[in-house]
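# Structure assessment
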Amino acid sequence: MELGWLLWGAAVLLLLHVLMELSPAVNFVLRVGFYYLLCIVGSALTVPVCLLVNGGRTVKNMRIIKTVVKTFKYFFGLRFEVKGLENFKVEGPAIIVSNHQSMLDMMGLMEVLPDDCVQVGKKELMYAGTVGLVIYLGGVIFINRKSTTSAKMVMAEVAKTMATDNVKVWVYPEGTRNCTGDLLPFKKGAFHVAVQAQVPVIPVVYSSFTTFYNPKKNLFTSGKIKVEILPPIETKGLTSDDVSDLTDRCFRIMRETLFRLSDRPS
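Residues numbered from 1 in each chain as written. Predicted model: local features only at pLDDT ≥ 70, side-chain atom pairs only at ≥ 80, totals over all residues. Heavy atoms only, no water.

## Regarding the sheet that holds strand β9 (residues 223–229)
Sheets are built from strands paired through backbone hydrogen bonds, the pairs being either parallel or antiparallel. Counted only if it meets this: Criterion used throughout: strands pair if DSSP finds at least two bridges between them. Helix and strand definitions follow DSSP, with helices as H or I runs of at least four residues and strands as E runs of at least two, each counted in order from the N terminus. The convention used is that axes are lines fitted to C-alpha atoms, helices contributing only their stretch in contact, and that angles between N-to-C directions extend from 0 to 180 degrees. The criterion used for residue contact is that any of the two residues' heavy atoms lie within 4.5 Å.
On the basis of which strands lie adjacent, the open sheet formed by seven strands has the order β1-β9-β6-β2-β5-β3-β4 and mixed pairing. Bordering the open sheet on either side are β1 (78–83) and β4 (141–143), each of which pairs with just one other strand. The mean angle between the axes of side-by-side strands here comes to 20 degrees, regardless of whether they run parallel or antiparallel. Examined bridge by bridge, β1 and β9 share six bridges and lie parallel to one another. What sits directly across from F80, in β9, is I225. The strands touched by helix α8 (residues 189–197) are β2 (94–98), β5 (168–171) and β6 (201–206); relative to β2, the strand with the most contacts, the crossing angle is about 160 degrees.

This is the structure:
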């Protein structure tokens, strides 16, 4: 009986392997499904560790989450080439902004996430089962993207949290995933917070995923991701009148870096 089950299991695995080789759609679905499974299992195992070690919701849990998520890349053959980590070494709070491409961004985030850094994420993630629970325990600040009033209130709380807890805050200024190989226009919320708190903005740019991950083409293979942490942009002395210029300046710098890292003409 046991031999029979082993043979059936081997046959199923062989069939899946053949289908993945023959069909890009099957390969894509299975790899995405496995990624979600990793997230569910990994978060379910991480939640009790966070509670035992740190007792509840705190940014310190991000160290534990980071350790777990950094192992995910080995399952998918992803490699990260990181440059500029020294630019995170600023005293006190800061706003970190990066481009937002796909569900794989979590792996890229955890690859370079500095200590004492919380993220701003969409409110819907809070209800994503064990994944929502573990990022809640990690101190993620949830924002309702559909409500402008709510979003402004949350960003005001972000500024207060930065000052009170002396933490850095990671924001995706595009506001949504964008897997086109370019940037969407930046929302100004993060830059308003930076100017209001008089803290630096640290841009982080990931090269385009489109060479190995593209849902429209059912593409999900191994690949290399280049990451560059750019020098901090100071906001001391700036006022609300300077927010638009600050936003545009950051957008231009990040877009030029994105094209360079992705070997794409600007």
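Moving on from the coordinates now.
## Examining the packing of helix α2 (residues 24–54) against helix α6 (residues 129–137)
The criterion, for reference: Convention used here: angles under 35 degrees read as roughly parallel, angles over 145 as roughly antiparallel, angles from 65 to 115 as roughly perpendicular, and any remaining angle as oblique. Note on convention: near helix rotated counterclockwise from far helix by under a right angle means a left-handed crossing. Clockwise means right-handed. Residue polarity is assigned by list, with Asp, Glu, Lys and Arg as charged and Ala, Val, Leu, Ile, Met, Phe, Trp, Tyr, Cys and Pro as nonpolar; anything else, Gly included, falls into the polar class.
Packing of α2 against α6 brings their axes to within 8 Å, and their N-to-C directions diverge by 40 degrees. With respect to α6, the axis of α2 lies oblique. The interaxial crossing formed by α2 with α6 has left-handed handedness. When α2 is examined against α6, the residues C39, I40, S43, A44, T46, V47, C50 and L51 are found in contact with a partner set consisting of T130, V131, L133, V134 and L137. Tallied by class, residues from the contact of α2 with α6 come to 10 nonpolar, three polar and no charged.

## Observations regarding the packing of aromatic side chains
Basically, it comes down to this: Between rings of Phe, Tyr and Trp, where Trp is taken as its six-membered ring, a pair exists when centres lie within 6.5 Å; planes separated by under 30 degrees are stacked, by over 60 edge-to-face, and by other angles tilted. Only protein chains enter the area calculation, which uses a 1.4 Å probe; residues under 20% of their type maximum are buried, those over 50% are exposed, and those in between are partly exposed.
For the structure on display, the rule yields 12 aromatic pairs. Look at F34 and F76: their rings are 5.8 Å apart centre to centre, the planes differ by 55 degrees, and that puts the pair in the tilted class. Here F34, found in helix α2, pairs with F76, found in helix α4 (residues 72–76); they are 42 residues apart in sequence, far enough to count as distant. Among the residues examined, F76 registers a relative accessible area of 3% and is labelled buried. Both rings, one in F186 and one in F251, keep their centres 5.1 Å apart while their planes meet at 80 degrees; by these two values the pair is edge-to-face. Of this pair, F186 sits in the loop between β5 and α8 while F251 sits in helix α9 (residues 243–261), and the two are 65 residues apart along the sequence. Owing to a relative accessible area of 10%, F186 belongs among the buried residues under this scheme. Put simply, the rings of F28, F34, Y35, Y36, F75, F76, Y213 and F220 pair up and form one aromatic cluster.

## As for the packing of α2 against helix α3 (residues 61–69)
Their axes nearest at 10 Å, the elements α2 and α3 cross at an angle of 150 degrees. Classified by the angle their axes make, α2 and α3 are roughly antiparallel. When the axes of α2 and α3 are compared, the crossing they make is right-handed. Seen from α2, the contacting residues are G42, T46, V49, C50, V53 and N54; seen from α3, they are N61, I64, I65 and V68. Partitioned by chemical class, the residues of the contact of α2 with α3 number six nonpolar, four polar and no charged.

## Thoughts on the side chain of K168
Stated formally: The charge count includes Lys and Arg as positive and Asp and Glu as negative, but it does not include His or the ends of the chains. For salt bridges, the criterion is a side-chain nitrogen of Lys or Arg within 4 Å of an Asp or Glu carboxyl oxygen.
Within the secondary structure, K168 sits in strand β5. Within the buried set, K168 has no salt-bridge partner at all; the shortest N-O distance to an opposite charge, 6.9 Å, is to D116.

## Side note on the pattern of salt bridges
This model, assessed by the stated rule, comprises five salt bridges. Two residues, R63 and D115, come together in a salt bridge whose shortest N-O distance is 3.4 Å. Taken as a pair, R63 in helix α3 and D115 in the loop between α5 (105–112) and β3 (117–122) lie far apart in primary sequence, 52 residues in all. Residue R63 is classed as exposed on the basis of its relative accessible area of 52%. Overall, the relative accessible area of 44% leaves D115 in the partly exposed class. Across the pair K73 and E111 runs a salt bridge whose closest N-O atoms are separated by 3.3 Å. Of this pair, K73 sits in helix α4 while E111 sits in helix α5, and the two are 38 residues apart along the sequence. In this pair, the class of K73 matches that of E111, namely buried.

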